[in-house]
Amino acid sequence: MAVGIFDSGLGGLTVLEAAQKCLPDVDFIYLADSEHAPYGVRTADDIYELTCAAVQRLFDAGCDLVILGCNTASAAALRRMQEGWIPEGKRVLGVFVPLIEALTERDWGDNSPPREVDVKHVALFATPATVASRAFQRELAFRAIGVDVEAQACGGVVDAIEDGDFILAEAMVRSHVDALMRKMPKPQAAILGCTHYPLMLDAFQEALGADVKVFSQANLVGESLADYLTRHGDKIGSGEPAYLTTGDPKQVSNRATQFLRRQITFTAA
Ligand code: DGL
């Protein structure tokens, strides 16, 4: 049985890459809803409808487990999907929890009461919809006390990345980090709360300074998925991934190949 990984565009490829490293024999099907990207400037209702449609497409392609490799969908739609939309026998998981578990020094699935943790000042960089949802703060409050979170909605970064304009994306990262640091001059840790942002990891680290520990999601999600599949494992296949897009397959393939620096070929979803 294949595992689906979904994102509005190319950001979830960072999650897919990390997951493939941990799980080389699993058949992954990646779906980029490029026609409707970016999601981060849409309403929660809109994001919910689009995410349900995309996940249904992955169920139809034979996945019984789908990872939302998109914080915006995880923040704005996952809880509502879990409250009644997900069909019997299917699972949909988000990308927030592994990140928060790493930040709060917890093992996978540790649901003990919230406690004090080392980091007290955390900068969150995410899309406008993720910031507006306050899902990160909600999940954090279940696990840690006394952590001050300052969130920066990074409008424009995803568009620049999807357009392949890395110079613009870098300039925007610098300006969003400046804006954040005016509100919180000395963050101890920074969360890259959008799966597109690991593609700009160096720009974030440079702008934040070497003292700030930057938590980038892809590896954490890869490890946590490997852990999950070891417990629920019937997912061994040939390790051959498939890439689907709702956008123009040629254009999306070119961008993906540019990002990951190896040939990636998308077909129409
Ligand atoms: N990669 C998505 C996320 O993690 C992108 C959001 C967008 O489409 O704006 O939030």
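A quick note: this is a predicted structure, and the numbers were derived from the prediction, not measured. (Residues numbered from 1 in each chain as written. Predicted model: local features only at pLDDT ≥ 70, side-chain atom pairs only at ≥ 80, totals over all residues. Heavy atoms only, no water.)

Enquirer: Sorry, what's going on with the pairing of strand β3 (residues 63-68) here?
Expert: Where a strand is regular, its side chains alternate between the two sheet faces. Counting buried residues in β3 gives six out of six residues, a clear majority hidden from the surface. Pairing geometry for strand β1 (residues 2-7) and β3, over five bridges, is parallel. Bridge pairing in β3 links Val3 to Leu65. Direction of pairing for β3 relative to strand β4 (residues 91-93): parallel, over a ladder of three bridges. Paired with Leu65 across the strands is Arg91, a residue of β4. In this region the chain leaves β3, passes through helix α3 (residues 71-82) and returns to the parallel neighbour β4; the handedness of that crossover is right-handed. (Buried < 20%, exposed > 50% of the residue type's maximum accessible area, 1.4 Å probe, protein only. Helix = DSSP H or I, 4+ residues; strand = E, 2+ residues; numbered from the N terminus. Pairing = 2+ DSSP bridges. Right-handed = clockwise from strand over helix to strand, strands pointing away.)

Enquirer: Mind showing me how you'd approach the site of the ligand here?
Expert: Lining the immediate surroundings of the ligand are 13 residues, of which Ser8, Tyr39, Gly40, Thr72 and Thr195 lie closest. Residue Ser8 places a side-chain N or O atom 2.6 Å away from an oxygen atom belonging to the ligand. Within the side chain of Thr72, a nitrogen or oxygen atom sits 2.6 Å from an oxygen atom of the ligand. Surface burial for the ligand is 99%, taken as the share of its 300 Å² of free accessible area covered by protein chains. Looking at side-chain class alone, the shell around the ligand contains five nonpolar, seven polar and one charged residues. (Near = heavy atom within 4 Å. Polar contact = N/O pair within 3.5 Å; in protein donor to acceptor, adjacent residues only side chain to side chain. Areas by Shrake-Rupley, 256 points an atom, 1.4 Å probe, with all protein chains shown as cover. Nonpolar A, V, L, I, M, F, W, Y, C, P; charged D, E, K, R; others polar.)

Enquirer: When you look at unusual backbone geometry in this model, what are you seeing that I'm missing?
Expert: Trans is the prevailing form of peptide bonds, just as negative phi is the prevailing case for residues other than glycine. Of the consecutive residues Ala37 and Pro38, the connecting peptide bond is found in the cis state with omega at -5°. Take Pro38: it is sitting in the loop between β2 (28-32) and α2 (44-60). Phi is positive for Glu105, which is not a glycine, with a value near 55°. By the secondary structure assignment, Glu105 is in the loop between α4 (96-103) and β5 (115-116). Phi is positive for Arg261, close to 55°, though the residue is something other than glycine.

Enquirer: Looking at this structure, I do not really get the packing of α4 against helix α10 (residues 217-231). What am I missing?
Expert: Relative orientation and spacing of two packed helices are given, respectively, by the angle between their axes and the distance between those axes. At a closest axis distance of 8 Å, the pairing of α4 and α10 adopts a crossing angle of 100°. Overall, the two elements α4 and α10 adopt an arrangement that is roughly perpendicular. On α10, the residues touching Phe96, Pro98, Leu99 and Ala102 of α4 are Gln217, Leu220, Val221 and Ser224. In terms of residue class, the contact of α4 with α10 is built from six nonpolar, two polar and no charged. (Axes fitted to C-alpha atoms, helices over the stretch in contact; angles between N-to-C directions. Parallel < 35°, antiparallel > 145°, perpendicular 65-115°, else oblique. Contact = heavy atoms within 4.5 Å.)

Enquirer: Help me understand the confidence of the model for the chain in this model?
Expert: One rule of thumb: low pLDDT means the predicted coordinates there are not for detailed reading. Across the chain, the average pLDDT comes to 92, with 99% of residues at 70 or higher. Confidence scores differ between elements of the chain, with α10 showing the lowest mean pLDDT of 81 and strand β11 (residues 242-245) the highest of 98. (pLDDT = per-residue confidence, 0-100.)

Enquirer: Before we go on, may I ask you to explain the pairing of strand β6 (residues 121-126) in this structure?
Expert: Most of β6 sits out of view: five of its six residues are buried. Inspection of the sheet shows β6 paired to strand β8 (residues 148-153) by six bridges, in the parallel sense. Bridged to His121 within β8 is Asp148. Strand direction decides the pairing type here: β6 and strand β9 (residues 189-192), joined by four bridges, are parallel. Paired with Ala123 across the two strands is Ala190, which belongs to β9.

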